[in-house]
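One letter stands for each residue in the lines below.
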Amino acid sequence: MARWEFVLALERKGVPGTLRVPLFRQIAQGVSRDIRRGRLRPGDALPGTRTLAQSLSVQRLTVVAAFDELAAEGWIVTRPARGTFVSPALPDPAPRRSGRSVERVRVPARLGFDLAPGPPVVMPYDVPEGALFFAPNRPDLRLIPRDLIGRAYRRAIKRGVLLSYGRPQGHERLRTAIASMLSSTRGLAATADDVCITRGSQMGLALLARALIRPGDVVAMEELGYRPALEVFRLLGARVAPIPIDAEGLRIEPLERLARAGQLRCVLVTPHHQLPTTVTLSASRRLRLLELARTSRFAVIEEDYDHEFHYDGRPVLPLASADDQGVVAYIGTFSKVLAPALRIGYVVAPRPLLQSVVGHRLYTDIQGDRVLEFALAELMEEGEVQRHIWRVRREYAARRDVLVHALRRTLGEALTFEVPAGGIGLWVRAAKGIDIEAWAERARKRGAVIATAAGFAMDGKPRPFARLGFASL
């Protein structure tokens, strides 16, 4: 690995009333101190005397004298034609002239102050290497047009102005391209000024939550639903109310009861392909939800994470396309279309709310990757993203059908399910008497990993369901 410039703090003028420590001894003390506290470890290479002298702005003989002292004490060793290294055989305790033991100091493992409770850091799935993972919500990275993206990125990065600061709302060229896409494919009468680019849909959700929620507010979520959203709301001090879903999607009656209590601040929904059940919110419930939000004055956060992947019939237009009262904030993402690592999502919302989102983004992240945003805009303008979506949609539809056929052929008595019209996963129910959690654990030991309903439940309790993703296979 290439070396960085090595930095040591030196006192060149001395402290009044004290004896000035010679520079060579300060260098020796600084290196030995860094070895004791773990900044330098046994076997680490040290800069050459000439290089270190230049970086510290001292004479080379000063560094040579410091290295001689360190070598005499056993801290460092010099190997001809190779360089100078921290001694790989430092005794414990490390050698010092005083002979006292020295404790190595690293980044502290304990805090010296109280810390407010934070979110759990839990990776959702422990997938053994080589396992067959029915990833509930992941695209197939092998299908990504990496060469096209790479060439567009290289063209963009040559524009030096893109490497400077930009607007927190995102590059105007990409916002314009997204607004055009939403107008054509989702019925949203959006312009570039209605769009804020985010680092994925998760950031969009977090920014909207910050703009909307105050401690003590009630936030409604689908149950079962997207667990990371639950943690976002909890971190802001919200009280999260689970709203049951059925074959028509989110049930409106429990939401009406919350609204009558006068505490409901917002509701998060995935109405197109509900996560995890794939159910589509019915037309009548869409109208009731919008009317309830209008009369009760709460916000609707609509997350449309996989709108592009609808296979049978026409995709259902978003709630936001029918919102004329300013109650819906819409979240989209390119993570499923292209790749999660690109971290490109977006929020479309009424202007006052969007301005608050932009403000929170400014003080959280300042801006996104302007080079990537410019490159993606170019690919959208040239039709490359659209062509990629068409290809991937056909592929995912075929994979859905393969999985449906295989499950019916081999597990017909054990699993029941409806074939979803879109999305990238199946929602299956285990037959009565089958412990799906035990089944999933045995499957994992055999090399197949599935996501059960417990991972989507606010209470974490098992239900006899699982989500079998097919897109990444």
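Residues numbered from 1 in each chain as written. Predicted model: local features only at pLDDT ≥ 70, side-chain atom pairs only at ≥ 80, totals over all residues. Heavy atoms only, no water.

A. Inspection of the pairing of strand S12 (residues 345–348) at higher detail. The alternating pattern of S12 places Gly 345 and Val 347 and Tyr 346 and Val 348 on opposite faces, both of which are buried. Pairing geometry for strand S5 (residues 195–198) and S12, over four bridges, is antiparallel. Within S12, the residue paired with Thr 198 across the bridge is Gly 345. When strand S11 (residues 328–333) meets S12, the two strands line up antiparallel, connected through four bridges. By the bridge assignment for S12, Tyr 330 is matched with Val 348. (Buried < 20%, exposed > 50% of the residue type's maximum accessible area, 1.4 Å probe, protein only. Helix = DSSP H or I, 4+ residues; strand = E, 2+ residues; numbered from the N terminus. Pairing = 2+ DSSP bridges.)

B. Geometry of unusual backbone geometry. The linkage connecting Glu 223 with the following residue, Leu 224, adopts the cis geometry, with an omega of 15°. Residue placement: Leu 224 occurs in the loop between strand S6 (218–223) and helix H7 (227–235). With an omega of 15°, the peptide bond between Leu 275 and Pro 276 qualifies as cis. The topology assignment puts Pro 276 in the loop between strand S9 (264–269) and helix H9 (283–296). Unusually for a residue other than glycine, Arg 297 sits at a positive phi of about 60°. Its place among the elements puts Arg 297 in the loop between H9 and strand S10 (299–303). Relative accessible area serves as the criterion here: at 73%, Arg 297 is assigned to the exposed category. A positive phi is found at Ile 366, a non-glycine position, where the angle reads about 65°.

C. View of helix H12 (residues 384–411). Look at H12: 40 Å from first C-alpha to last across 28 residues, which is about the 40 Å you get at 1.5 Å a residue. Along H12, the residues classified as buried are Val 385, His 388, Ile 389, Val 392, Tyr 396, Ala 397, Arg 399, Arg 400, Leu 403, Val 404 and Leu 407. Buried residues along H12 sit in contact with helix H11 (370–381), strand S13 (415–417), strand S14 (425–430) and strand S17 (465–469). (Expected span 1.5 Å × (residues − 1). Contact = heavy atoms within 4.5 Å.)

D. Representation of the sheet that holds strand S3 (residues 83–86). The sheet built from three strands is open, its strands ordered S1-S3-S2 with antiparallel pairing. The open sheet has two edge strands with one neighbour each: strand S1 (45–46) and strand S2 (76–79). Pairing geometry for S2 and S3, over four bridges, is antiparallel. Paired with Arg 79 across the two strands is Gly 83, which belongs to S3.

E. Representation of the environment of His 307 within the structure. By secondary structure assignment, the location of His 307 is in the loop between S10 and S11. Along the chain, His 307 and Pro 242 lie 65 residues apart, while their C-alpha atoms are 24 Å from each other. Leaving out residues up to four positions away in the same chain, His 307 has contacts with Thr 185, Arg 186, His 272, Pro 315, Val 316 and Pro 318. Within polar-contact distance, the side chain of His 307 engages the side chain of Asp 304 at 2.8 Å. (Polar contact = N/O pair within 3.5 Å; in protein donor to acceptor, adjacent residues only side chain to side chain.)

F. Looking closely at the side chain of Gln 169. With respect to the helices and strands, the residue Gln 169 is situated in the loop between helix H4 (146–157) and helix H5 (172–186). The exposure class of Gln 169 is buried, given its relative accessible area of 4%. A polar contact of 2.8 Å, which involves the side chain of Gln 169, links it to the backbone oxygen of Val 195. Those residues in contact with Gln 169 that lie beyond four places of it in its chain are Arg 175, Ala 192, Asp 193, Val 195, Cys 196, Ile 197, Leu 354, Gln 355 and Val 358.

G. Seen up close, the packing of aromatic side chains. Applying the stated criterion across every chain, the model contains four aromatic pairs. Here Trp 427 and Phe 465 contribute two aromatic rings whose centre-to-centre distance is 5.3 Å and whose plane-to-plane angle is 10°, an arrangement assigned as stacked. Placement of the pair is Trp 427 in strand S14 and Phe 465 in strand S17, with a sequence separation of 38 residues. Trp 427 gets classed as buried once you look at its relative accessible area, which sits at 12%. For Phe 465, a relative accessible area of 19% gives the class buried. The residue whose ring lies beneath Arg 79 is Phe 85, and the NZ or CZ to ring-centre distance is 5.1 Å. Lying over the aromatic face of Phe 374, Arg 173 brings its terminal NZ or CZ to 4.4 Å of the ring centre. (Phe/Tyr/Trp six-rings, centres within 6.5 Å; stacked < 30°, edge-to-face > 60°. Lys NZ or Arg CZ within 6 Å of the ring centre and 35° of its normal.)

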